[in-house]
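Here is what each chain is made of, one letter per residue.
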Amino acid sequence: MSDHWAQDALVPPRAHGEPLGTAVLKAVAEDFRVDEVLGFEPDGGVAHRLVLVEKKGVDTLHAARLLARAAQVPPRDVGFAGLKDRHAVARQWFSLPMSRQAPDWSMLDDGRLRICRDEPHSRKLRRGALRGNRFHLRLRECSVDPLQLAQRAAKIAEEGVPNYFGPQRFGRDADNLRSVAAWLESGELPRGREARAFVYSAARSLLFNRVLAARVRAGTWAMLLPGERVNLAGRNSWFVADVIDATLLERLARHDIHPTGPMPGRGELPAGVAGELEARVLAADAALVQLLAQEGVEASRRALRVCPEDLAVARVDDGVELSFGLTSGSYATMLVREMFETATFAEGGDDAQD
C-alpha cells in the first residue's frame, strides 16, 4: 500500500485550517448519538413491518441477526438503510417480513437493543433509502477559545466540509486498503460476494478521496469548475455545467447544488477543467480504475462537499457538544476533524454509510 494511498484515505488535508485543539470522542457510547432520518413514514402496508430500534454496543449487521432471531426469519430478509456505529447510541430503522404471530421482542431486552416503534409497511427497506442522519456528539477533554469555536462553526455552516469517506470505510487498521493493494498486484479478488464488495467499495472510496484531496489542496473543493458534473442536493442525480453563471453560483451559495467527484468504474470522466483535474489525479491509479471497469462496476458521482443542517455548538464542562444533520453517506467524524484533532477511546464502525 503506497504512502499516497494511506495519506489521502486516512488523513486527507483539512479545508478550514489547523484544528482548534485536541479532544476525546466516544469516551462512552452516549457521547455519540445518531438518529436515522428516513424521510418517509411507515405506509401501513401488510407485507413488511418497519421497526425503529435503539441500539448500543452492537453494530448494524449483528443487530439485524438478533432481530431475525426474535422474528424467526432468515437474516437475509431483514432490511436496513445504512450502517451505524457500534460504539454509539443509535436509533435506526429495520424492516422484517410480516408474520401471523408478532415477534417476541422481549427476548432482546438485554440493554443492547430497545424496540421504539413497530409499524406495518409495504416494502423491504433498502440500502441508501434514507434522507440522512442527525448527530448529537460530546467531545471531552478539550479547551478551546469560544470566539474561535464560534467562528469555525460559522464557516463550516456557510461553506460545508469536504465530503471525504472516513477511515472507517477502509477497515480496521486499513485492512480493506491492503486488500485493494493485493488485488492490484495479483489481479485476484477474494472469494465471496461480500468480501469482493468490500474491496470494490474501498477502491472507489480511495480514488474519490484522492480527487477530493487534490481539490482541497487547490482550494476548489467547494467551487464549480467548467465542465463540472453538479449534484442536486439531497438527490442521487447530477447535470453538466459547461459554463458557470451567476444562477449556478447563487444556488451553490445556498447549498442547493454541489460539485462532485468520481466513484470510478465503467463510464467517462467529465470534460473541461473539472475533467482535466480528475484525469490527472486518476492517472496515477489507472490500473485500479481499469480493474473496476473490467469487473463491471458502474461509475457514479458523489458530492465533494457536505453542508450540515442546523449546526449547533455549545461549551459544556470540560468539553464541547455538537448537534447537526448530514445527508446519507456522509461521515460525522469528517466534520469533527475540521474543528478538532480527536482521540478515540473505543474502536467504532461506520458513523454513516450510503
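Residues numbered from 1 in each chain as written. Predicted model: local features only at pLDDT ≥ 70, side-chain atom pairs only at ≥ 80, totals over all residues. Heavy atoms only, no water.

## What to know about the overall build of the protein chain
Here is the rule we go by: Strands here mean DSSP runs of E at least two residues long; helices mean DSSP runs of H or I at least four residues long; both are numbered from the N terminus. Our radius of gyration is a C-alpha quantity, and the globule rule it is checked against amounts to 2.2 Å times the number of residues to the power 0.38. Only protein chains enter the accessibility calculation, which uses a 1.4 Å probe. A residue is then buried if its area is under 20% of the maximum for its type, exposed if over 50%, and partly exposed in between.
Along the backbone of the protein chain there are nine helices and 16 strands. Here the C-alpha radius of gyration of the protein chain, 21 Å, is about what a compact globule of 354 residues would show, namely 20 Å. Dimensions along the principal axes, computed over C-alpha positions, put the protein chain at roughly 60 × 50 × 40 Å. Looking at the protein chain residue by residue over its 354 residues, the buried ones come to 50%.

## Points about the nonpolar core
The cut-off we apply is this: Residues belong to a common nonpolar core when they are buried Ala, Val, Leu, Ile, Met, Phe, Trp, Tyr or Cys residues joined through side-chain atoms within 4.5 Å.
Grouped together as the largest cluster of nonpolar side chains are 36 residues, with contacts concentrated most on Phe 170, Val 180, Trp 183, Leu 206, Leu 212, Leu 288 and Leu 292. Mapped onto this core, the elements with two or more residues apiece are helix 1 (3-10), helix 4 (175-186), helix 5 (193-218), helix 7 (272-283) and helix 8 (286-294). It is helix 5 that contributes the most residues to this core, twelve residues altogether. Among the nonpolar cores identified, the runner-up in size contains 27 residues, and Leu 139, Val 161, Met 339 and Phe 340 belong to it.

## Here we look at the environment of Pro 12
In this structure, Pro 12 sits in the loop between helix 1 and strand 1 (22-25). As a C-alpha pair, Pro 12 and Ala 213 span 201 residues in sequence and 6.0 Å in three-dimensional space.

## So, the sheet that holds strand 12 (residues 300-303)
Strands pair in a sheet through their backbones, by hydrogen bonds, and they do so in one of two ways: parallel or antiparallel. Defined as follows: Two strands form a pair only when DSSP identifies at least two bridges running between them. Note on geometry: axes are lines fitted to C-alpha atoms, helical ones only across the stretch in contact, with angles between N-to-C directions running from 0 to 180 degrees. Contacts between residues were defined by any pair of non-hydrogen atoms, one from each residue, lying within 4.5 Å.
What the four strands build is an open sheet, ordered 10-9-11-12; its pairing is antiparallel. Only two strands of the sheet have a single partner each, and these edge strands are strand 10 (238-241) and strand 12. The sheet shows a mean angle of 50° between the axes of neighbouring strands, direction not considered. Here strand 9 (residues 228-232) runs beside strand 11 (residues 257-263); their pairing, made up of three bridges, is antiparallel. Paired with Asn 231 across the two strands is His 258, which belongs to strand 11. Along the sheet, helix 5 makes contact with strand 9, strand 11 and strand 12, crossing strand 11 at roughly 130°. Helix-sheet contacts for helix 6 (residues 246-253) involve strand 9, strand 10 and strand 11, and the interaxial angle to strand 11 is about 85°.

## Quick word on unusual backbone geometry
Although it is not a glycine, Glu 141 adopts a positive phi angle of roughly 55°. Structurally, Glu 141 is set in the loop between strand 7 (132-140) and helix 3 (146-159). Phi at Asp 310 takes a positive value of approximately 55°, unusual for a residue other than glycine. Note on placement: Asp 310 falls in strand 14 (residues 309-316).

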